[in-house]
Amino acid sequence: MRQKDVVVCFPFKKEDVDVFSKNIKEALSNKRVKEVILVAYSKNETYQGIENFINTLSKEDKERVHLVLQKRFGTKRREGKGDGMNTAIQYFLEHTDGNFLHFYDADIKSFSSSWIDRVQRRLDEGYDVARCFYPRSYTDAQVTWNITRTGFAYVWPDTILPDIEQPLGGELGFNRHIAEKLSKDNIVLSASDWSIDTAFTISFARYNVKLYEVYIEEGKEHKLYGKLSDLKTMATECFDFIKDNKDLVISTDKMVYHKDELKDIPEKYKHMVAFDIKGSKNEFKVGWTPKMKEYLVRYFPREIGEKVNNVLTGKDTEFIDIDLWFESYGVFMKYFDISDKDWRELFFKLWVLRVLNHAKLAIKYPDKAIKHLRTMLTLFRERRMAKRL
């Protein structure tokens with residue numbers, strides 16, 4: 001029987017205390033888990049609820065659970081999830097002797113001890129990093145597909161990065177050596193906000209790690225969002241991080257990457273609509289400033305400005321297709337400024353049009369949805385590769 005050498009971390013902000021408590025119990029019950037780190041954004045109601053829950057544990061389990069407040073690591077970016085994950089890495093290295101660190105989101109209703117086993121199995125086989133990926137609604141994961149994976153294809157088309165199924169996943173494990181590298185990596189330490197998952201993925205590629213993606217077939221059941229505006233901050237922060245690091249030279253020639261075989265998506269996900277389409281359309285139509293319209297005219301191809309005007313007036317219901325998104329992405333790569341509210345809003349609104357285009361296809365032709373997204377990645381990759389020739 002192997003020793004207890006795994007440390008599990010749950011970063012959290014505002015969560016359902018009952019769900020979170022169940023997940024802590026699941027982690028504590030795992031035979032490999034030695035300690036559990038709970039990294040809090042602040043001493044809010046969730047913090048107090050979890051503190052009360054810890055007091056109900058046995059003396060032995062209380063000693064295995066560490067409730068800590070996140071520290072500030074990044075200075076340029078907003079304080080957020082990244083600071084929490086970097087706090088966990090520091091705590092893991094300075095206060096535990098574990099060989100492996102796992103991260104899981106606190107709000108996952110379908111989480112179980114078996115997730116830890118499935119991730120750890122690959123780490124025990126010699127992989128440096130193991131990440132989880134899941135079956136999802138065909139209209140879900142649109143930050144992943146239309147911002148992060150397309151960004152990887154746009155900036156680093158000749159690497160493994162665009163192939164990674166879940167580059168934004170918060171469920172992963174890695175060995176102590178990788179934790180030590182991350183703890184000294186300024187690119188990772190600077191990613192204090194939603195960009196931390198992108199920073200991890202880029203750094204794993206820079207390190208040429210042995211990476212395995214583990215398919216969690218039961219899916220990740222967690223809090224869902226309503227309108228796409230719920231993802232506005234995440235979308236802009238993830239894009240901005242890629243733009244900020246676009247000059248990084250990355251080669252993954254020595255990287256080992258494997259993943260579980262993709263299985264047929266469960267029927268319940270095929271027709272699930274992941275966001276409020278009508279509400280998102282309505283949000284697109286409001287809040288346009290003279291500056292945003294000026295940017296459209298000054299920097300973007302004429303077809304994109306015409307497309308926006310036609311959508312606003314109800315003449316167009318096709319929204320932004322793959323070709324126009326490629327053109328838009330290139331403009332944002334040159335001119336986007338996250339400190340400028342008008343640029344942030346313009347990026348969000350054009351991304352909404354891209355997501356609506358895909359959602360329309362996915363709802364009408366669900367069997368073609370994933371092929372449509374993979375075609376987009378191929379197009380981004382091939383056009384950027386051709387430009388380098």
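A quick note: this is a predicted structure, and the numbers were derived from the prediction, not measured.

Asks: Pulling in residues and values, what's your account of the overall build of the protein?
Replies: Along the protein, the regular secondary structure elements total 17 helices and eight strands. Whereas a compact globule of 389 residues would reach a radius of gyration of roughly 21 Å, the protein reaches 21 Å, a difference of no more than 12%. Buried residues in the protein amount to 59% of all 389 residues. Put simply, the protein shows about 17100 Å² of open surface, and 48% of that area lies on carbon and sulfur atoms.

Asks: I'd like a description of helix 15 (residues 322-335), backed by residues and values.
Replies: Relative to the 20 Å expected for 14 residues at 1.5 Å per residue, helix 15 spans 20 Å between its end C-alpha atoms, a close match to the ideal helical length. Taking burial as the measure, the 14 residues of helix 15 include 10 buried ones, the bulk of the element. Taken as a whole, helix 15 has its buried residues at Ile-322, Leu-324, Trp-325, Phe-326, Ser-328, Tyr-329, Gly-330, Val-331, Phe-332 and Met-333. For helix 15, the elements touching its buried residues are helix 6 (142-155), helix 10 (232-244), helix 13 (290-299), helix 14 (302-312), helix 16 (341-364) and helix 17 (369-388).

Asks: Give me the lowdown on the pattern of salt bridges, citing residues and values where you can.
Replies: Considering all chains together, one arrives at 32 salt bridges under this definition. As a salt-bridge pair, Arg-32 and Asp-5 come within 3.0 Å of each other at their nearest N and O atoms. Here Arg-32, found in the loop between helix 1 (17-29) and strand 2 (33-40), pairs with Asp-5, found in the segment before strand 1 (6-12); they are 27 residues apart in sequence, far enough to count as distant. On the basis of relative accessible area, Asp-5 is assigned to the buried category, the value being 6%. The shortest N-O distance in the salt bridge between Arg-77 and Asp-240 comes to 2.9 Å. One end of the pair, Arg-77, is in the loop between strand 3 (65-69) and helix 4 (81-95); the other, Asp-240, is in helix 10, and 163 residues separate them in sequence. Across the pair, Asp-240 and Arg-77 agree in class, each one buried.

Asks: Lay out helix 1 in plain terms, naming residues and giving numbers.
Replies: For helix 1, which comprises 13 residues, the first-to-last C-alpha distance of 18 Å matches the rise-based estimate of 18 Å (1.5 Å per residue) to within 8%. Residues of helix 1 that are buried include every one of Val-19, Phe-20, Ser-21, Asn-23, Ile-24, Ala-27 and Leu-28, and no others. Contacts from the buried residues of helix 1 go to strand 1, strand 2, helix 2 (45-54), helix 3 (59-64), strand 3 and helix 5 (113-124). Where helix 1 starts, the residue carrying a side-chain oxygen 2.9 Å from the main-chain nitrogen of Asp-18 turns out to be Asp-16.

Asks: Describe the packing of helix 4 against helix 9 (residues 196-207), and please don't skip the residues or the numbers.
Replies: It is at 8 Å that the axes of helix 4 and helix 9 come closest, and there the two elements cross at 55°. As summarised for this structure, helix 4 and helix 9 are arranged oblique, according to the angle between their axes. Between helix 4, through Lys-81, Gly-82, Met-85, Asn-86 and Ile-89, and helix 9, the contact on the second element is made entirely by Ile-196, Asp-197 and Phe-200. For the contact of helix 4 with helix 9, a count of residues per class yields four nonpolar, two polar and two charged.

Asks: Describe the nonpolar core, listing the residues and the values that go with them.
Replies: One finds Phe-174, Phe-200, Leu-350 and Trp-351 to be the most contacted residues of the largest nonpolar core, which totals 92 residues. For this core, the leading source of residues is helix 16, giving 11 residues. In contact with Trp-351, not counting residues within four places along its chain, are Gln-142, Val-143, Asn-146, Ile-147, Leu-228, Leu-231, Ala-235 and Trp-325. One finds Ile-24, Phe-53, Trp-115 and Ala-130 within the second-largest nonpolar core, a separate group that totals 35 residues.

How each quantity is defined
Residues numbered from 1 in each chain as written. Predicted model: local features only at pLDDT ≥ 70, side-chain atom pairs only at ≥ 80, totals over all residues. Heavy atoms only, no water. Helix = DSSP H or I, 4+ residues; strand = E, 2+ residues; numbered from the N terminus. Rg over C-alpha atoms; globule rule 2.2 N^0.38 Å. Buried < 20%, exposed > 50% of the residue type's maximum accessible area, 1.4 Å probe, protein only. Areas by Shrake-Rupley, 256 points an atom, 1.4 Å probe, with all protein chains shown as cover. Expected span 1.5 Å × (residues − 1). Contact = heavy atoms within 4.5 Å. Salt bridge = Lys/Arg side-chain N within 4 Å of Asp/Glu carboxyl O. Polar contact = N/O pair within 3.5 Å; in protein donor to acceptor, adjacent residues only side chain to side chain. Axes fitted to C-alpha atoms, helices over the stretch in contact; angles between N-to-C directions. Parallel < 35°, antiparallel > 145°, perpendicular 65-115°, else oblique. Nonpolar A, V, L, I, M, F, W, Y, C, P; charged D, E, K, R; others polar. Core = buried A, V, L, I, M, F, W, Y, C linked by side-chain atoms within 4.5 Å.

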